[in-house]
Amino acid sequence: MIDAEVIVGLEVHCQLDTKSKLFCGCSTDYRDSGPNTHVCPICLGLPGTMPALNRKAIEYAMKVAKALNCSVIEESEFARKNYFYPDLDKAFQITQYDKPLASGGHVEIEGDDCRERKIRLTRIHVEEDPGRLVHMGNAERGRYSLVDYNRAGIPLIEIVSEPDLRSPKEARKFLNKLRATLEYLGVFDSEKEGSLRVDANISLKGSERVEIKNISSYKGVEKALTFEVTRQRNLIRRGLPVERETRHYLEARGITQSARSKEMENDYRYFPEPDLRPLRVQSWVSGIVLPELPDARRERFVAQYSCSLNHARTLTGELRMANFFEGVVTGERKDLCGLAATWIADTLAGELNYRDMGIDAVDPHRFGSLLRLLKSGTITDKSGVEVLRVMLDEQMKGEKIETPEDIVGRLNLAKTAGDDSALMKSVAEVLRDNQKAVEDYRAGKNGALNFLVGQVMKKTRGRADPGELNRMVVSALKGSE
Ligand SMILES: [Zn+2]
């Protein structure tokens with residue numbers, strides 16, 4: 001029972017990247033604006049206003065439905081979901097209920113067993129985003145909330161999966177795949193704050209199901225689910241029941257916490273939205289031309305650039321990274337694709353992540369020049385990382401931008417040549433200062449050689465080519481016998 005199978009289903013809310021809101025002409029570009037500056041009587045829900053459906057939002061949702069292999073329903077319908085809460089001042093949300101835009105479909109992921117798996121989808125429906133509450137003060141003093149309606153009426157799609165996911169890691173992969181697909185379609189921007197929110201259902205086979213509400217980051221979903229698996233397993237181990245309930249994820253503390261259960265037991269009294277006609281858009285499906293999607297691009301990267309499957313997966317897993325890769329290996333830099341795949345997927349991705357930087361900040365030409373220096377053997381891999389770090393730091397601080405060649409020159413990082421007298425001198429010094437290791441080497445201990453080479457590397461700050469250095473130290477050891 002303790003090792004019971006983990007069962008996870010997700011409800012993913014994504015903001016569609018349209019220019020205007022779902023039912024009015026207000027701009028969706030609200031993120032750097034003051035509160036309540038992108039509002040009108042419609043999205044404020046004032047009495048007497050009528051919603052007018054944004055055709056683009058429906059087109060975007062249809063693209064998603066087609067890309068995820070869903071069937072678009074012949075006649076879908078908007079509904080009012082009634083609830084009273086300050087983030088929704090008209091006291092109902094326009095959403096879809098028993099007649100959603102699309103049903104079925106699937107998302108392919110690489111499962112925990114490394115096999116491709118199809119995660120089935122239940123449905124996709126369209127709805128409006130509510131406003132946003134900003135909580136002020138603290139629990140003791142001056143606690144109050146402000147409401148910002150800039151977000152009210154932003155078009156959302158809710159993508160609901162079947163409970164096919166078997167671990168928190170699979171849930172993360174599912175979300176990554178979904179994000180990549182939506183970005184390739186050009187209907188979603190994952191870098192916009194709050195553009196994705198997830199509710200997760202999780203249970204251990206044979207126990208009750210728990211819903212975790214409103215997780216607002218990709219990493220948060222995996223963390224919240226991992227916490228829940230541990231919590232539920234611990235309950236079962238102690239012979240206690242897992243209660244069917246709704247929990248909130250507290251991002252800062254990395255835990256989930258029970259929501260007061262009454263609060264969530266809403267009867268939404270859904271009924272058809274009388275101000276919007278039923279949607280008959282099934283006939284649009286055949287006219288939708290899908291762009292190259294992540295799986296196709298991954299296969300193309302393997303075929304066209306001889307990328308390893310893993311590198312191709314990483315590179316195409318994000319639209320921006322895939323575009324960056326192709327920007328680097330274009331034209332006369334075609335011969336760099338092997339190096340580019342390794343350096344972007346393994347090194348650059350990590351350095352960007354560490355700095356919380358987007359790949360858009362990196363210039364593909366400048367990065368290509370760095371790869372050229374590596375390819376020509378001008379610098380070692382270790383120095384390459386050092387140059388890359390300087391490049392990224394300059395970019396981040398908005399300082400003067402040097403070429404990789406300039407950085408190599410300024411920091412004196414060019415690879416030392418075999419006949420470099422400074423290098424010979426370093427080797428001699430290391431042998432002189434480490435007599436014990438020299439004797440060990442002569443006594444047949446091969447580890448001593450690695451130690452000596454390491455000492456010279458340290459002295460030369462990684463500028464020497466490791467293979468060449470190895471040969472030099474061996475020949476110096478022979479020479480001094
Ligand atoms: Zn408006």
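See the structure above.
Keep in mind that this is a model prediction, so the values were computed, not measured.

Definitions and limits used
Residues numbered from 1 in each chain as written. Predicted model: local features only at pLDDT ≥ 70, side-chain atom pairs only at ≥ 80, totals over all residues. Heavy atoms only, no water. Helix = DSSP H or I, 4+ residues; strand = E, 2+ residues; numbered from the N terminus. Polar contact = N/O pair within 3.5 Å; in protein donor to acceptor, adjacent residues only side chain to side chain. Axes fitted to C-alpha atoms, helices over the stretch in contact; angles between N-to-C directions. Parallel < 35°, antiparallel > 145°, perpendicular 65-115°, else oblique. Contact = heavy atoms within 4.5 Å. Nonpolar A, V, L, I, M, F, W, Y, C, P; charged D, E, K, R; others polar. Pairing = 2+ DSSP bridges. Left-handed = near helix turned anticlockwise from the far one by under 90°. Phe/Tyr/Trp six-rings, centres within 6.5 Å; stacked < 30°, edge-to-face > 60°. Salt bridge = Lys/Arg side-chain N within 4 Å of Asp/Glu carboxyl O. Buried < 20%, exposed > 50% of the residue type's maximum accessible area, 1.4 Å probe, protein only. Donors = N, O, S within 2.8 Å, 3.2 Å for Na, K, Ca; no water. Tetrahedral: all angles 85-135°; square planar, octahedral: opposite > 155°, others 65-115°. Core = buried A, V, L, I, M, F, W, Y, C linked by side-chain atoms within 4.5 Å. Right-handed = clockwise from strand over helix to strand, strands pointing away. Arc of directions from axis to C-beta.

Asker: Could you give me a rundown of the side chain of S217, with the residues and numbers involved?
Answerer: One can find S217 in the loop between β12 (210-215) and α3 (218-237). A distance of 2.9 Å separates the side chain of S217 from the backbone nitrogen of G220, its partner in a polar contact. Within the structure, the side chain of S217 is placed 3.0 Å from the side chain of E251, a separation counted as a polar contact.

Asker: Could you give an account of the packing of helix α6 (residues 309-316) against helix α7 (residues 319-328), naming the residues involved and the relevant values?
Answerer: It is at 6 Å that the axes of α6 and α7 come closest, and there the two elements cross at 115°. In this view, α6 runs roughly perpendicular relative to α7, as classed from their interaxial angle. Across the interface between the two elements, T314, L315 and T316 of α6 pack against M321, A322 and F325 of α7. When its residues are assigned to classes, the contact of α6 with α7 shows 4 nonpolar, 2 polar and no charged.

Asker: Residues and numbers for the sheet that holds strand β3 (residues 79-82), please.
Answerer: Read across the open sheet, the 3 strands follow the order β4-β3-β15; overall the sheet is antiparallel. Of all the strands in the sheet, just β4 (92-95) and β15 (271-272) have a single pairing partner and so form its edges. As judged from the 4 bridges shared by β3 and β4, these two strands associate in the antiparallel manner. If you follow N82 over to β4, its bridge partner there is F92.

Asker: Give me the lowdown on the packing of helix α8 (residues 337-355) against helix α10 (residues 381-397), citing residues and values where you can.
Answerer: Contact geometry for α8 and α10: axes closest at 11 Å, N-to-C directions at 40°. By the angle class used here, α8 and α10 are oblique. Along this stretch, α8 crosses α10, giving a crossing that reads as right-handed. Along its contact with α8, which presents W343, T347, L348, E351, L352 and R355, the element α10 presents D381, G384, V385, L388, R389, L392, D393 and M396. Tallied by class, residues from the contact of α8 with α10 come to 7 nonpolar, 2 polar and 5 charged.

Asker: If you had to explain the packing of aromatic side chains to someone new, which residues and values would you point to?
Answerer: Centre-to-centre distance and the angle between the planes together describe a pair of aromatic rings. With the rule as written, the count across this model stands at 8 aromatic pairs. Relative to F78, the ring of F23 lies with its centre 5.9 Å away and its plane at 80°, an arrangement referred to as edge-to-face. With F23 in the loop between β1 (6-15) and α1 (55-67) and F78 in the loop between β2 (71-72) and β3, this residue pair connects regions lying 55 residues apart in the sequence. Between F301 and F325, the aromatic rings sit 5.1 Å apart at their centres with planes inclined by 40°, giving tilted as the arrangement. Highlighted residues: F301 in helix α5 (residues 294-305) and F325 in helix α7, separated in sequence by 24 residues.

Asker: Break down the pattern of salt bridges for me, with residues and values.
Answerer: Summed over all chains, the structure comprises 47 salt bridges. When the shortest N-O distance is used, the salt bridge between D129 and R197 registers 2.7 Å. Of this pair, D129 sits in the loop between β7 (116-128) and β8 (132-136) while R197 is found in strand β11 (residues 196-204), placing the two residues 68 residues apart along the sequence. Residues D129 and R197 agree in their burial class; the two are buried. One salt bridge connects D440 with K436, and the closest N-O pair in it is separated by 3.2 Å. Of this pair, D440 and K436 both sit in helix α13 (residues 435-442), separated by 4 residues, roughly a single helical turn. One continuous salt-bridge network, built from bridges that share partners, spans E183, D189, E191, R320 and D360.

Asker: Provide a residue-level description of the coordination of the zinc ion, including the pertinent values.
Answerer: The expected angle between donors at a tetrahedral four-coordinate metal is 109.5 degrees. At an octahedral six-coordinate metal it is 90 or 180 degrees. Within the protein, the atoms that donate to the zinc ion are C24 (SG), C26 (SG), C40 (SG) and C43 (SG), at distances of 2.3 to 2.4 Å. Taken together, the 4 donor atoms coordinating the zinc ion span angles of 101 to 114° at the metal, a pattern that classifies the geometry as tetrahedral. Sequence spacing among the residues donating to the zinc ion works out to C-x1-C-x13-C-x2-C. Taken together, the residues C26 in the loop between β1 and α1 and C40 in the loop between β1 and α1 connect sequence positions 14 residues apart. Grouping residues by exposure puts C26 and C40 together as buried.

Asker: Run through the nonpolar core, naming residues and quoting values.
Answerer: Of all hydrophobic cores here, the largest spans 104 residues; its most connected members are L10, I157, F174, F325, I344, L348 and F367. When neighbours within four sequence positions are excluded, I157 is seen to be in contact with V12, H13, C14, L16, A61, V64, I124, H125, V126 and L182. In terms of nonpolar packing, the next biggest core, distinct from the first, is built from 19 residues, A437, L449, M457 and L469 among them.

Asker: Kindly report on the pairing of β12, identifying the contributing residues and their values.
Answerer: Looking along a regular strand, one sees the side chains alternate between the two faces of the sheet. Taken together, the 4 bridges between β11 and β12 define a ladder with antiparallel strand orientation. Note that in β12 the partner of N201 across the bridge is E211. If you look at the hairpin formed by β11 and β12, you'll find 5 residues sitting between the two strands, and G206 has a positive phi there, around 95°. Examined bridge by bridge, β12 and strand β13 (residues 245-250) share 4 bridges and lie parallel to one another. Of the residues in β13, the one forming a bridge with K213 is H248. Following the chain from β12 across α3 to the adjacent parallel β13, one finds a crossover that is left-handed.

Asker: Which residues make up α13, and what values do they have?
Answerer: Listing the buried residues of α13 in full gives A437, V438, D440 and Y441. What you see down the axis of α13 is that its buried residues fit within an arc of 160°, all on one side. Those residues of α13 that are exposed and aimed more than 90 degrees away from the buried face are K436 and E439.

Asker: Tell me about the side chain of S76, residues and numbers included.
Answerer: Considering the arrangement of structural elements, one finds S76 in the loop between β2 and β3. Given the relative accessible area of 0%, S76 is considered buried. Among the polar contacts made by the side chain of S76, one reaches the side chain of Q96 at a distance of 3.5 Å. Residues in contact with S76, not counting those within four places in the same chain, are Q96, K99, P100, L101, P278 and L279.

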